[in-house]
Amino acid sequence: MAGAIIENMSTKKLVIVGVILLLFQAFSFMVGGLIAPSPTTAIHYMATKCVDNVKSHYMSKKWFMPWGPNHCDKVRDFDEATAKKIEANNIVFAVHIPMPNKEMSPWFQFMLVILQFDIAFKMYNQIEDGAVVTVDVGLAYRDDSLGEWTEMAHSIEQRKLSCNFTTPKTIDNEGRYYECDLMPLMELGCVFHKYYLLNIRLPVSDHKKVNRGIGEIKDIRLVGIHQNGGFTKVWFAMKTFLTPSILIIMIWYWRRITMMSRPPVLLEKVIFALGISMTFINIPVEWFSVGFEWTWMLLFGDIRQGIFYAMLLSFWIIFCGEHLMDQMERNRFSVYWKQVGPIVFGSFCLFIFDMCERGVQLTNPFYSIWASDVGTELAMAFIIVAGICACLYFLFLCFMVFQVFRNISGKRTSLPAMTKARRLHYEGLIFRFKFLMLVTLACAAMTVIFFIISQVNEGHWHWGDYTVQVNSAFFTGIYGMWNLYVFALMFLYAPSHKRYGDEQSSGDQVGNSGEDIQLTTTITHVDGPTEVYKMMRKEAQE
Amino acid sequence: MDLYLVGYIMCMWLSSSRVLGGYPIWWSLALGQQYTSLGSQPILCGSIPGLVPKQLRFCRNYIEIMPSVAEGVKLGIQECQHQFRGRRWNCTTIKDNLAIFGPVLDKATRESAFVHAIASAGVAFAVTRSCAEGTSTMCGCDSHHKGPPGEGWKWGGCSEDAEFGVLVSREFADARENRPDARSAMNRHNNEAGRMTILENMHLRCKCHGLSGSCEVKTCWWAQPDFRLLGDYLKDKYDSASEMVVEKHRESRGWVETLRAKYAFFKHPTERDLVYYEGSPNFCEPNPETGSFGTRDRVCNVSSHGIEGCDLLCCGRGHNTRTEKRKEKCHCIFHWCCYVSCQECVRVYDVHTCK
């Protein structure tokens, strides 16, 4: 008897495997929910207004510290600056990351900084439509709290102001603040140094019309977001644990396939490829980011995730296609170009988009594709194309799933005419196929539900003394879930070892018997007739 | 004889503290330029008038927070003056007096309730703000986490939103409101109401930064509102403040005064509502006893029928009108920060002042 393990496994064993997997699943949720802190932290920084007394400020490479022993000359507000006749070009907004008595750590993995302006409404100095703020921003680091600052990046960036004023624009409401959208300022793919310093200027130039009509900026606020060290550690631990598990089952799976006398079929290859892409995500290369300044890790992580998602989506299509149970010969990748094409194209679009954003950020951390009009349009185009591809893909997928179920129910109607043993076996096969479909659906639904919960929820729940980090539980749980999914797939769809490889007889399957019921999956296509099919033949011979 | 003298001094001290008892003299921090400006010499805690021992201790321990406390009171007073700009009582402060609002706040009126609330909110607001500037090493969250200092931050980070500011305000502004009398209870309540306003009005901002910037990973944080919004909110609370009556109870430590809502059929005041138990003077005529400055010579709005209109503001005394030529800046080109280039125009205004 040949066939996949899932076909030969008794229901009892299947239940046991299912329970074990569920236990692991619960464990992975608990690791995130109970051990790990929340995935990320956001910290508010209010920029300190420093006064640059040097006239030719563009020449000076001086760094302005907001506090500490060498802090700069500060002004509290711009009325004070006006009184002291300080020019805009001599005002430097300084922000030290992190707060006093703290230091950053490579465990934070990434850091992104968001820019926010506090702009007061003034009757005669309103924000003009389409106003653009030009910021001259520099980033420096040091690893010793008294050392010299080393420049990391310097750039002149433009950001569009999109602010609205909700109350009526009357003289009474002067002094109220506009509500402005958040603007991305910076993204670092690696937090290798202990202290960072941002110096921001808003240069004003009349003849170049730089920073005109931007309203009365009262303050600059920054929000620094980084991954929590604890979460990183839990995440790394999880990856380090999962890598060998998936790797071992993958080797076991491939050994089984090569031990067979027939070449592997498409579905087997695709499952193996899925295993490879899962391992590729799992391999904890991020450990290196603790010791090396690898800023491309963020981009690399995106690429790895993208490859896995593309692989998973392709697998679903091929899985459905190979279970269509019509008489068409598939088993070739080229048959599926229509369905896989959108996935590849969509992922490629997202890859280009990511390269444009995070790729460029490798050289200029202040770059944002959304800052310019052309960039925004380009980015939107990529995202829309990717979205269309995704829709197309899901249409195909839904159609194929519908076809599979229609075929199954078609076969079902002829079930009562069969003998008891054959019928039971058929029903078992259909049940197990549906079971896997259901597992896939359940996984997808879980992902969506948890995603929504983590979006709606504010991040943690309190149960008595315990704080459950919902967002962390989402990340570890879903990550663990897809790992278990791939694990289960490789385990259940590996060829059964019950007498494999010794039956090469009668490979053709088209209408060999009088009955036209064929529940064939490609796993057994080439290897020979399925168990059922053979039973049918035996009966025919009888 | 000595005993008499001691007794006399004690009496004097008690009576003087009784007079100033309802009055947070330390608010004069807000007017002293030396306390809030940056870069000047550090604050001398001993030189701040009207601190009770607990506040003095606080000041000495957390000297770096004190400029923000002063800034906060100043912010509160400015907001008070903005909110009450057209009213009979316009939150006037008096220079050269320790009781910066004059005797107005001696009575347990709505106005007192509002000023206490906005000042304590201002302190919480300004401290939170200065924490975000990194000027103080106190504001942090290491104390919330167990383990060695610094490790908690690396493990789970910290988002110190407004809690620290509220804590400081509670410690400092409420330090003197520990007497068992009704006024203390009222001040405590109103201070807390002011601080609650901040926590109530924090708004959530979020940023998505997952795969390709998708919302797979989203980080949210609470941001402090514009202080004007807090002023608006507290002004509403001023308009709907609850009148209370004083009740005396005998307790083990002596007589304790508590407040009870005067009208049982109105909704009971929550901790976010302002409370008072004495009626306000009408502020129409100058009265040194109540601290009213009167509304004579106040500019009023002839076209308005509201409280800032000439009818109400002038308390029916009528108003004078004169025309005034003013040189004004016009056709201005604003440059960000610190510099405006304008032309000068002359405009004619009708100015109405109360008789």
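Residues numbered from 1 in each chain as written. Chains lettered and ligands numbered in written order. Predicted model: local features only at pLDDT ≥ 70, side-chain atom pairs only at ≥ 80, totals over all residues. Heavy atoms only, no water.

The name that an unreviewed UniProt entry assigns to chain B is Protein Wnt, with the source organism given as Pygocentrus nattereri. The record held by UniProt for chain B lists under Subcellular location (unreviewed entry) the comment "Secreted, Extracellular space, Extracellular matrix". (UniProt positions renumbered as here; feature names shortened; annotations may be inferred.)

As recorded in an unreviewed UniProt entry, chain A goes by the name Wnt ligand secretion mediator, listed as coming from Pygocentrus nattereri. As stated in UniProt under Subcellular location (unreviewed entry), the record for chain A gives "Golgi apparatus membrane". Under Sequence similarities (unreviewed entry), UniProt gives the following word-for-word description of chain A: "Belongs to the wntless family."

All right, on to the overall build of chain B then. Helix and strand content of chain B: ten helices and nine strands. Scored against the burial criterion, the 355 residues of chain B give a buried share of 47%. Pairs at least 24 apart in sequence give 62% of the contacts found in chain B among residues at least 6 apart. Of the accessible surface of chain B, which amounts to about 18000 Å², a share of 55% is contributed by carbon and sulfur atoms. (Helix = DSSP H or I, 4+ residues; strand = E, 2+ residues; numbered from the N terminus. Buried < 20%, exposed > 50% of the residue type's maximum accessible area, 1.4 Å probe, protein only. Contact = heavy atoms within 4.5 Å. Areas by Shrake-Rupley, 256 points an atom, 1.4 Å probe, with all protein chains shown as cover.)

With that settled, the discussion passes to the interface of chain A and chain B. Chain A puts 78 residues into the contact, and the matching count from chain B is 50 residues. Summing both partners gives a buried area of about 5300 Å² for chain A against chain B, and 57% of it is carried by carbon and sulfur. Among the residues chain A hides against chain B, the three largest losses belong to Met46, Arg76 and Lys102 of chain A. Together they make up 13% of the total. The closest approach of N and O atoms between lysine 154 of chain B and glutamate 103 of chain A, which form a salt bridge, is 3.3 Å. Counting the contacts that link chain A with chain B gives 14 residue pairs in polar contact (both at pLDDT 80 or more). Ranked by residues supplied to the side of chain A that touches chain B, first place goes to strand E1 (residues 40-46) of chain A with seven residues. Class assignment of the residues belonging to the side of chain A that touches chain B gives a composition of 42 nonpolar, 18 polar and 18 charged. (Buried area = accessible area lost by both parts, 1.4 Å probe. Salt bridge = Lys/Arg side-chain N within 4 Å of Asp/Glu carboxyl O. Polar contact = N/O pair within 3.5 Å; in protein donor to acceptor, adjacent residues only side chain to side chain. Nonpolar A, V, L, I, M, F, W, Y, C, P; charged D, E, K, R; others polar.)

Bring the parts together and some accessible area is lost; that lost area is often taken as the interface size. All names here are of chain A. One can read the domain layout of chain A as domain 1 (5-39 + 230-541) and domain 2 (41-227). Contacts between the two partners involve 27 residues from domain 1, matched on the other side by 27 residues from domain 2. Here domain 1 meets domain 2 over a buried area of about 2200 Å², counting both sides, of which 59% is carbon and sulfur. Here domain 1 and domain 2 share two salt bridges between them. Connecting domain 1 to domain 2 are nine residue pairs in polar contact (both at pLDDT 80 or more). Of all the secondary structure elements, the ones that give two or more residues to the side of domain 1 that touches domain 2 are helix H4 (229-258), helix H6 (287-291), helix H7 (297-322), helix H8 (337-361) and helix H9 (373-413). (Domains from an automatic or database assignment.)

Residue and element names in this part refer to chain A. Ordered by their spatial adjacency, four strands build an open sheet running E1-E12-E5-E10, and the pairing between neighbours is antiparallel. What marks the edges here is a single partner per strand, and that holds for E1 and strand E10 (183-188). The average undirected angle you get between the axes of adjacent strands in this sheet is 25 degrees. Examined bridge by bridge, strand E5 (residues 111-120) and strand E12 (residues 216-227) share ten bridges and lie antiparallel to one another. When the sheet's bridge partners are listed, alanine 120 is paired in E12 with glutamate 216. (Pairing = 2+ DSSP bridges. Axes fitted to C-alpha atoms, helices over the stretch in contact; angles between N-to-C directions.)

All right, on to the confidence of the model for chain A then. A low pLDDT score tells you not to read the predicted coordinates there in detail. Chain-level statistics for chain A give a pLDDT mean of 82 and a share of 86% at 70 or above. Across residues 499-542 of chain A the pLDDT falls below 50, and counting only partners more than four positions away or on other chains, this stretch makes 85 contacts in the model. (pLDDT = per-residue confidence, 0-100.)

A word on a nonpolar patch on the surface. Taken together, Leu350, Trp370, Met380, Ile383, Ile384 and Ile388 of chain A make up a surface patch of nonpolar side chains, about 500 Å² in accessible area. In terms of residue count, H9 of chain A provides more of the nonpolar patch than any other element does, four residues in total. (Patch = residues over 30% accessible without salt bridge, like charges linked within 9 Å, V, L, I, M, F, W, Y side chains within 5 Å.)

All names here are of chain A. Of all the twelve residues making up E12, ten are buried; the element is thus mostly covered by neighbouring parts of the structure. Here E1 runs beside E12; their pairing, made up of seven bridges, is antiparallel. When the sheet's bridge partners are listed, alanine 42 is paired in E12 with isoleucine 225.

Within the largest apolar cluster, 72 residues are counted, with the highest numbers of intra-cluster contacts made by Phe315 and Trp482 of chain A. Setting aside residues no more than four positions away along its own chain, tryptophan 482 of chain A makes contact with Met278, Phe308, Leu312, Trp316, Cys443, Ala444 and Thr447 of chain A. Counting 64 residues, the second-largest nonpolar core is a separate cluster that includes Cys59, Cys80, Ile100 and Ala119 of chain B. (Core = buried A, V, L, I, M, F, W, Y, C linked by side-chain atoms within 4.5 Å.)

Once that is clear, we can look at the packing of aromatic side chains. Residue and element names in this part refer to chain A. With the rule as written, the count across this model stands at 43 aromatic pairs over all chains. Ring centres of tryptophan 107 and phenylalanine 236 lie 5.8 Å apart, and the angle between their planes is 45 degrees; this geometry places the pair in the tilted category. Of this pair, tryptophan 107 sits in the loop between strand E4 (91-97) and E5 while phenylalanine 236 sits in helix H4, placing them 129 residues apart in sequence. Three or more aromatic residues joined by ring pairs form one cluster here, namely Phe231, Trp235, Phe451, Phe474, Phe475 and Tyr479. In this structure, lysine 49 packs its charged tip against the face of phenylalanine 78, placed 5.5 Å from the ring centre. In this structure, lysine 233 packs its charged tip against the face of tryptophan 107, placed 5.0 Å from the ring centre. (Phe/Tyr/Trp six-rings, centres within 6.5 Å; stacked < 30°, edge-to-face > 60°. Lys NZ or Arg CZ within 6 Å of the ring centre and 35° of its normal.)

As a further point, take unusual backbone geometry. Residue and element names in this part refer to chain A. The omega torsion of the bond from isoleucine 97 to proline 98 falls at 0 degrees, within 30 degrees of zero and hence cis. When you line up the elements, proline 98 lands in the loop between E4 and E5. Located in the positive-phi region is asparagine 101, a residue other than glycine, with phi close to 65 degrees. As for its position among the elements, asparagine 101 is in the loop between E4 and E5. Residue class for asparagine 101 comes out exposed when judged on its relative accessible area of 64%. Positioned with a positive phi, asparagine 211 is a non-glycine residue whose angle comes to about 55 degrees. Topologically, asparagine 211 is positioned in the loop between strand E11 (195-201) and E12.

Looking at the secondary structure, you find threonine 232 of chain A in helix H4. A distance of 3.2 Å separates the side chain of threonine 232 of chain A from the side chain of glutamine 227 of chain A, its partner in a polar contact.

This brings us to the UniProt feature "transmembrane region" (unreviewed entry) in chain A. Residues and elements named next belong to chain A. The UniProt record marks residues 234-254, 266-285, 305-324, 336-353, 378-402, 429-453 and 473-494 with the feature "transmembrane region" (unreviewed entry), using the residue numbering of this structure. Secondary structure across residues 234-254 divides into 100% helix and 0% strand, with the first and last C-alpha atoms of the span separated by 30 Å. Annotated as 94% helix and 0% strand, the span residues 336-353 places its first and last C-alpha atoms 26 Å apart.

All right, on to the sheet that holds strand E5 (residues 275-276) of chain B then. All names here are of chain B. Strand order in the open sheet formed by three strands is E4-E3-E5, with mixed pairing between adjacent strands. Pairing within the sheet leaves two strands with one partner each, and these edge strands are strand E4 (254-261) and E5. When strand E3 (residues 242-251) meets E4, the two strands line up antiparallel, connected through eight bridges. Bridging from a neighbouring strand, glutamate 251 pairs with glycine 254 of E4. Sheet strands in contact with helix H8 (residues 182-201) are E3, E4 and E5, and its direction is about 50 degrees off that of E4.

All names here are of chain B. For the structure shown, the criterion picks out ten disulfides over all chains. Here cysteine 206 is linked by a disulfide to cysteine 220, with a sulfur-sulfur distance of 1.9 Å. Because the torsion about its S-S bond is 105 degrees, the bridge between cysteine 206 and cysteine 220 counts as right-handed. With cysteine 206 in strand E1 (residues 203-208) and cysteine 220 in strand E2 (residues 218-223), this pair connects stretches of sequence that are 14 residues apart. (Disulfide = S-S within 2.5 Å.)

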